[in-house]
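# Close look at the chain arrangement
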Amino acid sequence: FNGVDWAATKAAVESKAPLTDGAAMSLAEDLVRSLGDRYSRVLKPELAAKLSKYDVTGVGINLAIADSGKMMINAVPPDGSD
């Protein structure tokens, strides 16, 4: 998408694992910024928690970085769904 070589990007990301939470967030922000898309963004956990009471998913997807360092499709769980 938008000239980004995702195979090379994936290999570069995997070579950096495991990442700290801060490094993973910074990397995710850089990856999304590389799209040059004004609609895509990475939400910090605190903001995602605040927005969880609203339907902010629209027609898009939510991506999260798992503890293993892998990126996955995710959703903000509703309150009380522990």
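One numbering rule holds for all chains: residues counted from 1, following each sequence as written. Only residues with pLDDT of at least 70 are given local features in this predicted model, and only at 80 or more are side-chain atom pairs given and counted; all residues enter the totals for whole chains, interfaces and linings. Based on all heavy atoms of the structure, the side-chain values leave hydrogens and waters out of the count.

Turning next to the environment of L43. Secondary structure elements are taken from DSSP: a helix is a run of H or I of four residues or more, a strand is a run of E of two residues or more, and numbering for both begins at the N terminus. Note on placement: L43 falls in the loop between α2 (21-33) and α3 (45-51). Considering only alpha carbons, one finds L43 and A64, 21 residues apart in sequence, at a separation of 9.7 Å. Other than its neighbours up to four places away in sequence, L43 contacts M25, A48 and L51. In this analysis, two residues are considered to be in contact whenever any of their non-hydrogen atoms come within 4.5 Å of each other.

For the rest of this paragraph, the subject is the pattern of salt bridges. A pair is scored as a salt bridge if a Lys or Arg side-chain nitrogen falls within 4 Å of a carboxyl oxygen belonging to Asp or Glu. By the definition in use, this model includes three salt bridges. The partner of K10 in a salt bridge is E14, with the nearest N and O atoms 3.4 Å apart. Highlighted residues: K10 and E14, both in helix α1 (residues 6-16), separated by four residues, approximately one helical turn. E14 sits in the partly exposed class, given a relative accessible area of 47%. R33 serves as the salt-bridge partner of D30, at 2.7 Å between the closest nitrogen and oxygen. Of the two residues, D30 and R33 are both situated in helix α2; the distance of three residues between them amounts to about one turn of the helix. Taking the relative accessible area as the measure of exposure, R33 reaches 56% and is therefore exposed. Relative accessible area decides the class of each residue, using a 1.4 Å probe on protein chains only: under 20% of the type maximum gives buried, over 50% gives exposed, and in between gives partly exposed.

Such coordinate-based values are descriptive only and should not be taken to indicate function.
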